[in-house]
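# Structural features, examined
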Amino acid sequence: MTKSISPRKSELLSAKPRINAGRKPTPFHPRQVEKCETNDWTLWAGYSVPNSYHSVELEYFSIRNGATLYDISPMCKYRIKGPDAERFMNRFVPRDVKKIKPGRVAYAIWCNDEGHILDDGTIFRFGPDDFRLCSQERQYAWLMDSALGFNVEILDETDDIAALQFQGPTTFAILEAMGIKGVETLKPFDHKNFPFAGTELMVSRTGFTGDLGYELWIEPGKALELWDALMAAGADRTISPIGSLALDMARIEAGFIQPTVDFLHAEHVVRHTRGRSPFELGLDWQVDFGKGHFTGRRALLKEKEGNSSRYCFVGLEIEGNKPAHNALVYHKQKKEIGHITSAVWSPTMKNNLAMALLQRPFGVDIQEDLWVEIYVDKELKWDRVMAKAKIVDRPFFNPPRKRLTPPARF
Amino acid sequence: MTTRYDTIVIGAGHNGLTCAAYLAKAGKKVLVLEAKDRIGGMAITEPTEDGVLIPTCAHLLYQLHPDVIRDLNLNLKMAASSLPTIALGSDGRHLKILGETLTAMNGADLSSKDQENYTQVMRDLKKFARVLGALLGQKPPRLKNRDWEDTKTLLKLGLSIRMMGRKSMQEFLRIALLNIADQLEDHLENDLLMGVTAMEAVWGTHLAPRSPGSVLSLMYRLAGSMEGTQGAIGIPAGGMGKVSEALEQAATRAGATIRTNAPVKSLLVENDTVIGVELESGEKLLANSVASSADPQRTFLSLLGAEHLDAGFTRRLNKIRNRGDAAKVNLVLDGLPEFNGLSQQDLAAKLVIAPSINYIEKAFNHAKYGEFSEHPALEITLPTVVDPASSRSNKHVLSIVAQYAPYQLKAGWSEEQRADLGEAVIRTLEAYAPNIRKQIVSQQVLTPSDLEQLFNVTGGHWHHLEIQVDQLLMMRPLHGTAQYETPIGGLFLCGAGAHPGGNVTGAPGMNAAQRILSRKG
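Labelled according to an unreviewed UniProt entry, chain B appears under the name Pyridine nucleotide-disulfide oxidoreductase domain-containing protein 2, originating from Kiloniella laminariae. In UniProt, chain B has this text filed under Subunit (unreviewed entry): "Interacts with COX5B; this interaction may contribute to localize PYROXD2 to the inner face of the inner mitochondrial membrane." Of chain B, the UniProt comment under Function (unreviewed entry) reads exactly: "Probable oxidoreductase that may play a role as regulator of mitochondrial function."

Going by the annotation in an unreviewed UniProt entry, the name recorded for chain A is Aminomethyltransferase family protein, with Kiloniella laminariae given as the source organism.

Here it is as structure tokens:
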């Protein structure tokens, strides 16, 4: 009997293309698995990232006292190129993109037609006609809708770039020790490419912790090499990977807002009143009415001229040491005027910090006599604490080392 | 750049001209800019070498708003103002329809029950159409702007629906969004009668009789009137071009300036307000307002530019349904055509080949999948018979609307596809007029793609965009542009893309002018 040349049934089955369902590993996953003692993972835009590695508190203190690695590979990254790229970007975001020079990064929000915020992120400018937009949530559909009538090419580069947020006072010294020459010239919000492991490493002096730090961008194939080089160079400078929980503490200290926490994507909400304008989130400085049209401009101008903003976003310092998670805010302990969106007991500042959304005129014309109702669980007995709160400027934590160029070698 | 106009009107189609005439009559300084070398848009009559006048695109008049005729004192004579419709049967047994009266020709089947029910169905539809008709000559009311005039319009609309009586109101609300096939099959049994009536509902649309909303499009069609007769159809003496010429005269008489061969390249914007236009020639013209009768996509995306609009708005704009599905075929014949079972006298009519609802549905099936119909439904007029003055020889014209021929043909429109479409039309005709092929002296086949090119209408749709419930009234052309205004100051819409829509009505132009005049400051 001759050997059959047709494949057997089991072979046919195994030849079926596999559909990758479930969470994807990031390029740093092998190292993360090694280090992640808590085995506490969370979902970010389709990827698994650690919530913590060993101890949230220790990871937090590494941010403020050493150097930390936080995997931001899941960050959505979109390349916008073409002759109309600048015009496109200027129509996309309320701030003036013309003022962002090549080699610079800028924080930006963007709105829908009603002037309600869709997401925030960073714009990297590489050249006159070349940008990258990074955001926490997926934005491809909105970018493509916005591209109608513009000669631009929009590419989703999310999976093509591995990235680490490298934050903490000793980060500069570690990069120097790694042999990244010239990194000392980077000013806050600068970005620059450096040779590394036979490829290009893009370093931007940006981050989400309010501390000295960088974000490192590299091709996925070199991700583990980058991780290993950082860990080796940082061995003497208390380097540690951190998870999302520790980062969240630092970002509240830095006073940064976060989508899905402090505001919701205006096109994802079911109740149309849940959209928030930049004026309602303390982002007035993002809106440049003088630069020409952008999506949401007419609605925002109407809101500004009609003084019709409904909310006011404030930073609070609260008495006591119980973090005011999900708490309601009162005026004169009686009238409910808003709620806390993010709260943390700040280990560095030894202060009870929060960010809150208040109904105007509270927070604008009326700033005194504010109270926060905090519920405290004492072994399944709930206590209610009315704590006095004071409006303070953000960022709460703003050390000079964050801005110093060249940075100090801690 | 010394002159500053009160209003620059883009496009010298009938709506642009109507708008200009109203504005000029109110003492405004008005300039009309037309890209082509002649005025009239889709309502034109063109002479051929054979000595006949051809209605290149539009060939029937049935909705020119009576206010437009009266206010602008239009000098318009009709060659016929009440043409009968003849539904052609392939066996030579036809049905003639005039108003609600049916006549069976050559012994065609027609039960007395159908006679009676047809009259009732059409009376109801016309009654309901009158409710809509009241809205044609004014700005569509918005629901949320707390404007007293709008509230009044809405109250009147509600009241007029209620005043029809409880039974009629219920019936109106029941059938308003129904498909015409269901409605007809509930009451009639004659295929030929149902075919021709259903086709009335879907001319010029991307709908077939079983498409939802086709009752509403029929009501819309019946909302107009000719010389006081609701739903009547006619042909102007000298052809459809005479409507445009009369409007041109009215506009010029009132002091408006009309420039042809003056294509607009872009709108000039300053401080988020449109302040004029730049022509292809580079010439810049300033105005306090610009009224565009170009279709909405052309107006917003090509002339204004997406950078002046919000992304959500341009997303919606990109999705409006504006793809034409009707072709125009004009045949010049060496003499009078001979249709089975029709006398020479009968040719002064609108002839319809749509012998059953299923015939139309089958024709539409092709269009759903990006092909033109193998056996299209045809609307035929003989302008040279109705108006003998439009032929200087013994030659005659068959002016034909053929459905369906989708704008986006899967194979792409080419010389060959166009010829095949012409062949499908002639083949269809041959079943009713066997000798027609030999009589053809010359032919013109215009696909929606050709109409787009010829008349600068994106999608080649004769209503600019579908007349459907989601693109009507305050939602026409789309959310964000109600009442002839646009998201940007100084720019208005005055074409078929605005309420109440297409056909030669003049209503969008008239309403837009009134809107511009009522503006404060």
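Per the secondary structure count, chain A includes nine helices and 19 strands. Relative to its length of 410 residues, chain A is compact, with a C-alpha radius of gyration of 23 Å against a globular reference of 22 Å. Across its three principal directions, the C-alpha atoms of chain A cover 90 × 55 × 55 Å. Expressed as a percentage of the 410 residues in chain A, the buried residues total 55%. Summarising the internal contacts of chain A: among those between residues at least 6 apart in sequence, 68% fall at separations of at least 24. Accessible area of chain A: about 19,000 Å², with a carbon and sulfur share of 53%. For chain A, the separation between the mean place of its 55 positive charges and that of its 53 negative charges on side chains is 1 Å.

UniProt's feature table lists "domain: GCVT N-terminal" (unreviewed entry) at residues 45-291 of chain A, given in the numbering used throughout. Taken as a whole, residues 45-291 of chain A contains 21% helix and 29% strand, while its terminal C-alpha atoms sit 33 Å from one another.

Residue and element names in this part refer to chain B. Among the residues of helix H5 (residues 166-175), those classed as buried are Ser168, Met169, Phe172 and Ile175. Within H5, the buried residues cover an arc of 145° as seen down the axis, which keeps them to one side. The exposed residues of H5 that point more than 90 degrees off its buried face are Arg166, Lys167 and Leu173. Buried-residue contacts for H5 involve helix H3 (112-136), helix H4 (148-163), helix H6 (180-187) and helix H8 (214-222).

Before going further, it helps to examine the packing of aromatic side chains. All names here are of chain A. Inspection of every chain in the model, using the stated rule, returns 16 aromatic pairs over all chains. Here Trp44 and Tyr70 contribute two aromatic rings whose centre-to-centre distance is 6.4 Å and whose plane-to-plane angle is 20°, an arrangement assigned as stacked. One end of the pair, Trp44, is in strand S1 (residues 40-44); the other, Tyr70, is in strand S3 (residues 67-71), and 26 residues separate them in sequence. Classification of Trp44 by relative accessible area gives buried; the value is 14%. Members of the aromatic cluster, joined through ring pairs, are Phe88, Phe92, Trp110 and Phe150. Sitting above the plane of the Tyr311 ring, Arg276 keeps its charged end 4.2 Å from the centroid.

A few words now on the UniProt feature "domain: Aminomethyltransferase C-terminal" (unreviewed entry) in chain A. As recorded in UniProt, the sites labelled "domain: Aminomethyltransferase C-terminal" (unreviewed entry) are residues 313-397 of chain A. With 0% helix and 59% strand, the stretch residues 313-397 of chain A has end C-alpha atoms that lie 18 Å from each other.

Another point: the pattern of salt bridges. Two side chains of opposite charge can pair, provided their charged atoms sit close to one another. All names here are of chain A. All chains considered together, the criterion is met by 54 salt bridges over all chains. The salt bridge involving Asp84 is made with Arg87; its shortest N-O contact spans 2.9 Å. A relative accessible area of 14% places Asp84 in the buried class. For Asp288, the salt bridge goes to Lys99, with nearest N and O atoms at 3.9 Å. Note that Asp288 is positioned in the loop between helix H8 (244-253) and helix H9 (297-305) and Lys99 in the loop between helix H4 (85-92) and strand S5 (105-111), a separation of 189 residues in sequence. Look at the salt bridges and you will find they share partners, linking Arg64, Asp211, Glu253 and Arg401 into a network.

What follows is about empty space enclosed by the protein. In this approach a probe as big as a water molecule rolls over the atoms, and the regions it shows empty are the leftover space. All names here are of chain B. In the structure shown here, the tally under the stated rule is four cavities of 30 Å³ or more. The space that makes up the largest cavity amounts to roughly 140 Å³. Lining the largest cavity are 17 residues, and of these Tyr220, Arg221, His463, Ile467 and Asn503 lie nearest its centre. Elements with a minimum of two residues in the lining of the largest cavity: helix H7 (191-202) and H8. Looking at the lining of the largest cavity residue by residue, the classes come out as seven nonpolar, eight polar and two charged. Two domains share the lining of the largest cavity, each providing at least three of its residues, namely domain 1 (4-43 + 240-321 + 462-518) and domain 2 (111-227). Its boundaries defined by the atoms lining it, the second largest cavity holds a volume of some 80 Å³. Together, Thr45, Leu53, Pro55, His59, Ile235, Gly238, Gly239, Met240, Pro383, Asp387 and Ser390 line the second largest cavity.

Along strand S1 (residues 4-10) of chain B, five of the seven residues are buried, which leaves the element largely enclosed by surrounding structure. Following the chain from S1 of chain B across helix H1 (residues 14-25) of chain B to the adjacent parallel strand S2 (residues 30-33) of chain B, one finds a crossover that is right-handed.

Residue and element names in this part refer to chain B. In terms of nonpolar packing, the biggest core is built from 89 residues, with Phe339, Leu351, Leu398 and Leu429 touching the most fellow members. Here this core takes nine residues from H3, the largest share from any one element. If sequence neighbours within four positions are ignored, Leu351 has contacts with Ile86, Leu88, Phe339, Leu342, Asp346, Leu378, Glu379, Ile380 and Leu382. Counting residues in hydrophobic clusters, the runner-up holds 64 residues, among them Tyr5, Ile10, Leu279 and Ala512.

Turning our attention to the packing of helix H10 (residues 296-304) of chain B against helix H11 (residues 311-319) of chain B. When two helices pack together, their arrangement is captured by the angle between the axes and the distance separating the axes. Residues and elements named next belong to chain B. Running from N to C, H10 and H11 cross one another at 135°; their axes reach a closest spacing of 10 Å. Considering the angle they form, H10 stands oblique to H11. Once H10 is placed against H11, the crossing between them reads as left-handed. Counted together, Pro296, Gln297, Phe300 and Leu301 of H10 and Phe313, Thr314, Leu317 and Asn318 of H11 form the full contact between these two elements. Partitioned by chemical class, the residues of the contact of H10 with H11 number five nonpolar, three polar and no charged.

Note on interface size: it is often stated as the accessible area lost on association of the parts. Residue and element names in this part refer to chain A. The domain architecture assigned to chain A consists of domain 1 (29-73 + 161-253), domain 2 (76-159) and domain 3 (310-394). Using only C-alpha atoms to locate each centre, domain 1 and domain 3 end up separated by 32 Å. The interface of domain 1 with domain 3 comprises seven residues on the first partner and nine residues on the second. In total, about 670 Å² of surface goes out of reach between domain 1 and domain 3, with carbon and sulfur atoms giving 69% of it. Ranking the residues of domain 1 by area buried against domain 3 places Met249, Ile252 and Glu253 at the top, with a combined share of 66%. In this structure, the connection of domain 1 to domain 3 is made through zero salt bridges. At the junction of domain 1 with domain 3, the criterion picks out three residue pairs in polar contact (both at pLDDT 80 or more). Among the secondary structure elements, those contributing two or more residues to the side of domain 1 that touches domain 3 are helix H3 (56-65) and H8.

Turning next to the interface of chain B and chain A. With 16 residues of chain B in contact, the opposing surface of chain A contributes 16 residues. Both faces combined, the contact of chain B with chain A buries some 1,400 Å², and carbon together with sulfur accounts for 43% of it. The largest per-residue losses of area from chain B upon contact with chain A belong to Glu307, Asp310 and Arg315 of chain B, which jointly make up 43% of the total buried on that side. Inspection of the chain B/chain A interface yields five salt bridges.

Let us now look at the sheet that holds strand S9 (residues 162-167) of chain A. Residues and elements named next belong to chain A. Reading across from one edge, S10-S11-S12-S9-S3-S13 is the order of the six strands in this open sheet, with mixed pairing throughout. Across the chains shown, the open sheet's two edge strands, defined by having one partner strand only, are strand S10 (191-196) and strand S13 (239-241). Taking the axes of each pair of neighbouring strands and ignoring which way they run, one obtains an average angle of 25° across the sheet. Note that S9 and strand S12 (residues 213-218) share six bridges and pair antiparallel. When the sheet's bridge partners are listed, Ala162 is paired in S12 with Ile218. Across the sheet, H3 touches S3, S9 and S13, and the angle it forms with S3 is around 115°.

Residue and element names in this part refer to chain B. The eight strands lie next to each other as S8-S7-S6-S17-S18-S19-S16-S20, forming an open sheet whose pairing is mixed. Edge strands, defined here as strands with exactly one partner in the open sheet, are strand S8 (101-104) and strand S20 (440-446). Averaged over all pairs of adjacent strands, the angle between strand axes in this sheet comes to 20°, irrespective of strand direction. As judged from the three bridges shared by strand S6 (residues 85-87) and strand S17 (residues 350-353), these two strands associate in the parallel manner.

Procedures and definitions
Residues numbered from 1 in each chain as written. Chains lettered and ligands numbered in written order. Predicted model: local features only at pLDDT ≥ 70, side-chain atom pairs only at ≥ 80, totals over all residues. Heavy atoms only, no water. UniProt positions renumbered as here; feature names shortened; annotations may be inferred. Helix = DSSP H or I, 4+ residues; strand = E, 2+ residues; numbered from the N terminus. Rg over C-alpha atoms; globule rule 2.2 N^0.38 Å. Buried < 20%, exposed > 50% of the residue type's maximum accessible area, 1.4 Å probe, protein only. Contact = heavy atoms within 4.5 Å. Areas by Shrake-Rupley, 256 points an atom, 1.4 Å probe, with all protein chains shown as cover. Lys, Arg positive; Asp, Glu negative; His and termini not counted. Charge placed at Lys NZ, Arg CZ, Asp CG, Glu CD. Arc of directions from axis to C-beta. Phe/Tyr/Trp six-rings, centres within 6.5 Å; stacked < 30°, edge-to-face > 60°. Lys NZ or Arg CZ within 6 Å of the ring centre and 35° of its normal. Salt bridge = Lys/Arg side-chain N within 4 Å of Asp/Glu carboxyl O. 1 Å grid on protein atoms, 1.4 Å probe; cavity = no way out; pocket = protein on both sides within 12 Å on 5 of 7 lines; lining within 4 Å. Points joined across faces, edges and corners; volume = space filled by probe spheres on them. Nonpolar A, V, L, I, M, F, W, Y, C, P; charged D, E, K, R; others polar. Domains from an automatic or database assignment. Right-handed = clockwise from strand over helix to strand, strands pointing away. Core = buried A, V, L, I, M, F, W, Y, C linked by side-chain atoms within 4.5 Å. Axes fitted to C-alpha atoms, helices over the stretch in contact; angles between N-to-C directions. Parallel < 35°, antiparallel > 145°, perpendicular 65-115°, else oblique. Left-handed = near helix turned anticlockwise from the far one by under 90°. Buried area = accessible area lost by both parts, 1.4 Å probe. Polar contact = N/O pair within 3.5 Å; in protein donor to acceptor, adjacent residues only side chain to side chain. Pairing = 2+ DSSP bridges.

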